[in-house]
Amino acid sequence: MSKKINSGFSKRKAKRIVAYLLKVVLGLAIISPVIVCLSFAFKPPTELMGTGYGKLFPDNPTWENFKWVITEVPVLTYLKNTMIQCAMVICSQLALCSAAAYALTFFDFKGKNLLFTIILTSMMIPGDVVVISNYIQIQQWHLTNTHFGMAVPYFVGGMGIFLMRQFYLTLPRDLKDAADIDGCGDMGFFFRIAVPLSVPSLASLAIYEFIAIYNRYFWPLLVTSSDSMRTVQIGMAMLNSGESGKPSYVLAGAAMCIIPAVIVFIVGQKYLIRGMTAGAVKG
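Caption draft 1: Spatial organisation of the overall build of the protein chain. Scanning the protein chain from terminus to terminus reveals 14 helices and zero strands. In the protein chain, the succession of α and β elements from N to C terminus is α-α-α-α-α-α-α-α-α-α-α-α-α-α. Long-range contacts, defined as pairs at least 24 residues apart, comprise 71% of the intrachain contacts of the protein chain with a sequence gap of at least 6. Total accessible area on the protein chain is roughly 16700 Å²; 68% of this is exposed by carbon and sulfur atoms.

Here it is, written out as structure tokens:
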């Protein structure tokens with residue numbers, strides 16, 4: 001009997017080890033481009049283009065590639081502009097989407113379901129379809145080449161409203177009724193109870209919007225005209241086209257641009273998973 005128990009335990013342990021090893025291999029395969037980029041960014045141009053090209057790690061690591069990017073390319077300005085865009089859009093999305101979702105969840109008014117259907121429909125419209133109309137409106141408002149002009153089309157979105165509404169649906173109605181009995185009005189319940197409880201969903205929305213804004217290329221390219229207003233993705237495209245013969249410089253610039261997004265994802269991945277699954281089960 002004990003042999004059968006030990007045999008079953010050994011099989012389960014072996015399966016867990018194999019599953020763990022498969023996860024490690026899959027994870028390394030996914031992040032291998034980032035590892036190669038960071039490693040090659042420290043290689044001197046002569047080593048990268050010479051016999052050391054096939055080696056993963058540099059023989060003579062150097063910071064010269066990063067120094068060249070910082071001194072010759074306004075990459076810090078591009079990063080600053082991108083962070084300003086992320087801050088503007090994230091703050092607006094958190095405020096407007098959570099307020100709209102709260103109203104759609106706890107308020108009863110005529111046309112509420114129709115309004116929510118329209119919001120869901122807007123999520124199915126590709127962004128490229130409305131980019132020309134958005135640009136014409138921004139141009140009429142004289143907001144081209146400004147931070148506000150780049151950010152205003154994304155101040156609110158159907159994805160954020162849907163995500164926050166799904167979380168608010170999980171809040172018990174008894175909690176709202178108890179708050180009403182205690183004299184806590186709608187705004188009090190929103191700021192004191194609903195918002196604090198929805199921190200995982202808010203964090204998930206913030207990370208989602210950060211990644212979307214950080215990777216956006218076409219809209220900032222269309223709206224901006226001066227180099228001082230360019231974002232990091234445009235800067236990287238310009239660096240790639242201008243220094244196509246010097247891949248070490250391009251990789252150093254790419255490494256500098258990757259680091260902020262990686263840090264944000266690592267720090268917030270727990271909230272991203274919790275926020276995405278918060279409204280999966282109602283009750």
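Back to the write-up after that little detour.
Caption draft 2: Local environment of the environment of P45. The residue P45 is located in helix α2 (residues 45-49) in this model. The class of P45 is partly exposed, set by a relative accessible area of 37%. Taking C-alpha positions, P45 is 9.6 Å from E64, a pair spaced 19 residues apart along the chain. In contact with P45, not counting residues within four places along its chain, are N65, S248 and Y249.

Caption draft 3: Helix α11 (residues 199-214), seen in detail. An ideal rise of 1.5 Å per residue puts 22 Å on 16 residues; α11 measures up with 22 Å between its terminal C-alpha atoms. Three or more residues of α11 are buried, namely P200, S201, L202, A203, S204, L205, A206, I207, E209, F210, I213 and Y214.

Caption draft 4: Just the side chain of S39, in detail. Within the secondary structure layout, S39 lies in helix α1 (residues 2-41). Residue S39 is classed as buried on the basis of its relative accessible area, which comes to 8%. Those residues in contact with S39, other than ones at most four positions away along the chain, are L56, F57 and P58.

Caption draft 5: Representation of the packing of helix α5 (residues 112-123) against helix α8 (residues 158-168) within the structure. Relative orientation of the contacting elements α5 and α8 amounts to 130 degrees, with a least axis distance of 8 Å. Comparing their axes, α8 and α5 come out oblique. The element α5 and its partner α8 pack so that their crossing is left-handed. Of the residues in α8, those in contact with F116, I119, L120, S122 and M123 of α5 are G158, M159, I161, F162 and R165. Looking at the contact of α5 with α8, its residues break down into seven nonpolar, two polar and one charged.

Caption draft 6: Representation of the pattern of salt bridges. Under the counting rule described, the total for this entry stands at four salt bridges. Notably, a salt bridge pairs D180 with K176, separated by 3.1 Å at the nearest N-O pair. Of this pair, D180 and K176 both sit in helix α9 (residues 173-181), separated by four residues, roughly a single helical turn. Several salt bridges converge on common partners, so that one network encompasses K176, D180 and D186.

Caption draft 7: Expanded view of unusual backbone geometry. A positive phi angle, close to 55 degrees, is found at H142, a residue other than glycine. Tracing the backbone shows H142 in the loop between α6 (131-140) and α7 (147-151). Backbone geometry at N145 places phi at a positive 65 degrees, although glycine is not the residue there. Within the secondary structure layout, N145 lies in the loop between α6 and α7.

Caption draft 8: Structural detail: the packing of aromatic side chains. Taken as a whole and assessed by the stated rule, the structure comprises 16 aromatic pairs. With centroids separated by 5.0 Å and ring planes inclined at 50 degrees, the aromatic side chains of F42 and F66 adopt a geometry described as tilted. Here F66 lies in helix α3 (residues 64-72) and F42 lies in the loop between α1 and α2, a separation of 24 residues in the sequence. Under the relative-accessibility criterion, F66 is labelled buried at 10%.

Cut-offs and rules
Residues numbered from 1 in each chain as written. Predicted model: local features only at pLDDT ≥ 70, side-chain atom pairs only at ≥ 80, totals over all residues. Heavy atoms only, no water. Helix = DSSP H or I, 4+ residues; strand = E, 2+ residues; numbered from the N terminus. Contact = heavy atoms within 4.5 Å. Areas by Shrake-Rupley, 256 points an atom, 1.4 Å probe, with all protein chains shown as cover. Buried < 20%, exposed > 50% of the residue type's maximum accessible area, 1.4 Å probe, protein only. Expected span 1.5 Å × (residues − 1). Axes fitted to C-alpha atoms, helices over the stretch in contact; angles between N-to-C directions. Parallel < 35°, antiparallel > 145°, perpendicular 65-115°, else oblique. Left-handed = near helix turned anticlockwise from the far one by under 90°. Nonpolar A, V, L, I, M, F, W, Y, C, P; charged D, E, K, R; others polar. Salt bridge = Lys/Arg side-chain N within 4 Å of Asp/Glu carboxyl O. Phe/Tyr/Trp six-rings, centres within 6.5 Å; stacked < 30°, edge-to-face > 60°.

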